[in-house]
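Given next are the chains, with one letter for each unit.
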Amino acid sequence: MNRPSLHLLGLAAALAVATSALAQTKGPMQKLGKPEGQVDIVAWPGYIERGQTDKNFDWVTDFEAKTGCKVNVKTAGTSDEMVALMNEGGFDLVTASGDASLRLIAGKRAQPINVGLIPSFKKVDPRLQKAPWHYVNDTHYGVPYQWGWNVLMYNTEVFKDKPPTSWNVVFEEQTLPDGKSNKGRVQAFDGPIYIADAALYLMKTQPALGIKDPYELNEAQYKAALDLLRKQRKLVGKYWHDAFVQIDDFTNEGVVASSSWQFQANILKSKNRPIATTVPTEGATGWADSTMMHSEAKNPNCAYLWMEHSLNNKLQGDLAAWFGSVPVVLDACKGNKLLGDGGCERQGLGSFERIAFWRTPTAKCKSQNDQCVPYHKWVSDYIAVLGGR
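Residues numbered from 1 in each chain as written. Predicted model: local features only at pLDDT ≥ 70, side-chain atom pairs only at ≥ 80, totals over all residues. Heavy atoms only, no water.

*Asks:* Would you explain the state of the cysteines in this entry?
*Replies:* Disulfide: a covalent bond connecting the sulfur atoms of a pair of cysteines. Applying the stated criterion across every chain, the model contains three disulfides. Across a sulfur-sulfur distance of 2.1 Å, Cys333 and Cys344 are joined as a disulfide pair. With the S-S bond torsion at -90°, the cross-link from Cys333 to Cys344 turns out left-handed. Separated by 11 residues along the polypeptide, Cys333 in the loop between β12 (326-327) and α14 (343-346) and Cys344 in helix α14 bring together distant segments of the chain. In the protein chain, the bonded cysteines, numbered by position in the sequence, are linked as 1-2, 3-4, 5-6. (Disulfide = S-S within 2.5 Å. Helix = DSSP H or I, 4+ residues; strand = E, 2+ residues; numbered from the N terminus.)

*Asks:* I keep staring at the packing of helix α8 (residues 195-205) against helix α9 (residues 219-233) and nothing clicks. Help me out?
*Replies:* For any two helices packed against each other, the geometry is given by the interaxial angle and the distance between the axes. At a minimum axis separation of 9 Å, α8 and α9 run at an interaxial angle of 105°. What the angle tells us is that α8 and α9 run roughly perpendicular. Contacts between α8 and α9 involve Ile195, Ala198, Ala199, Tyr201 and Leu202 from the first element and Tyr222, Ala224, Ala225, Leu226, Leu228 and Leu229 from the second. (Axes fitted to C-alpha atoms, helices over the stretch in contact; angles between N-to-C directions. Parallel < 35°, antiparallel > 145°, perpendicular 65-115°, else oblique. Contact = heavy atoms within 4.5 Å.)

*Asks:* Hey, could you run me through helix α3 (residues 79-88) in this one?
*Replies:* Side chains three or four residues apart in an α-helix point the same way, a direct result of the helix having 3.6 residues per turn. With nine of 10 residues buried, α3 lies mostly within the body of the structure. Positioned one or two residues after α3, Gly89 has a phi angle of 90°, which is positive. (Buried < 20%, exposed > 50% of the residue type's maximum accessible area, 1.4 Å probe, protein only.)

*Asks:* Can you help me understand the side chain of Asp381 in this one?
*Replies:* Within the element layout of this structure, Asp381 appears in helix α15 (residues 375-386). Of note is the side chain of Asp381, whose polar atom sits 2.9 Å from the side chain of Lys377. Excluding anything up to four places from it in sequence, Asp381 contacts Tyr222 and Leu226. (Polar contact = N/O pair within 3.5 Å; in protein donor to acceptor, adjacent residues only side chain to side chain.)

*Asks:* Looking at this model, I keep getting lost on the sheet that holds strand β7 (residues 151-155). Mind explaining?
*Replies:* The strands making up a sheet are joined through hydrogen bonds of the backbone, oriented either antiparallel or parallel. Strand order in this open sheet of four strands is β8-β9-β7-β10, and the pairing throughout is mixed. Looking along the sheet, the strands with just one partner apiece sit at the ends: β8 (186-187) and β10 (275-278). Contacting β7, β8, β9 (257-260) and β10, helix α10 (residues 243-252) crosses the sheet at an angle of about 165° to β9. Contacts from helix α11 (residues 262-270) reach β7, β9 and β10, with the element oriented near 155° to β10. (Pairing = 2+ DSSP bridges.)

*Asks:* Help me out: how do you make sense of the pairing of strand β6 (residues 143-149) in this one?
*Replies:* For a regular strand, the rule is simple: side chains alternate between the two faces of the sheet. Judged by how many residues are buried, β6 sits mostly within the fold: seven of seven residues are covered. Note that β6 and strand β11 (residues 284-293) share six bridges and pair antiparallel. Across the sheet, the residue bridging to Val143 is Thr291, located in β11. The pairing of β6 with β12 spans two bridges and is classified as antiparallel. Bridge pairing in β12 places Gln146 opposite Pro327.

*Asks:* Would you mind showing me how to read the nonpolar core here?
*Replies:* What tends to happen in soluble globular proteins is that the nonpolar side chains get buried as a cluster. Counting 127 residues, the largest nonpolar core has Ile48, Trp147, Trp306 and Trp378 as its most contacted members. Broken down by element, the residue count for this core peaks at eight residues, all from α8. (Core = buried A, V, L, I, M, F, W, Y, C linked by side-chain atoms within 4.5 Å.)

Rendered as structure tokens:
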């Protein structure tokens, strides 16, 4: 039986820090000063490339040459890792998803952003400019970066001419089209936010539970989601959070179906692996990431220069092609040779309203009369699920 990943241990303590006011938020800068010479960023794997993985994907080298700001990147596999790293300090920026951003704001680990110092901000998709996961109390705390959904990735040789249409292939024990059980051949994400994936599945398959929002669960709904995840635990051979490890698992370890990001699928396809992705009938959770600045950033000038750079059309289009995401600058959807003019549509541009974007669950919630299970409970209970309890 797999033990819970080490990076999840101690997260309850980290969450307590995240919600305390240990640092005073600085006000937005009024003008940029001299670049400090570097910028330190916490980012998702594959989000900040300098051509080392594939020479076609490099949006760091030219930035460093133009600004004199060396880009240092620390990758994190889950939002909880990002929150923990930002709590420790020593970073200027983080590419935070919605289940981390509000914690960083509440914990005063993120400072207000002066979008007047970011000329390209006006090009950002209007749906994202004041999105609730980074715009709080009429204040910008982040610059949108990319968005997308958590797809179902599967092995086409296993599913043959019967591609999966439901998340039941990872939640319910069954015989797959190749005649073998799915037991031990499927994966699930090992971040606590994955409880929302179970809730979304139940929202569509067990409507009597009355789930209206996968991030707003009362005690009964939450228990049903945990019960489903405990049942799934018997099917999962290995949980994932490292994109590159999952790529290896699909290549060498016999994994045939899992929640995933388009990023992994793109790399596997580039290696001629029999991989495809789909968004099942129940829909999907997703992420909309924002670049946020630490309240005690040591290199704010380079940080602002990077945030401006992050919105240029070429970076946005190249990153979308590389990660399988959608640009936050819609102009990037056209004229990018790596993405192609149909790339944004293939990767979900027209499905924005169908995605249940990650956000931090709180006790106060509209759909359940402020009687929802808060995120710190998600953390401790999901660690228990991973441990077989």
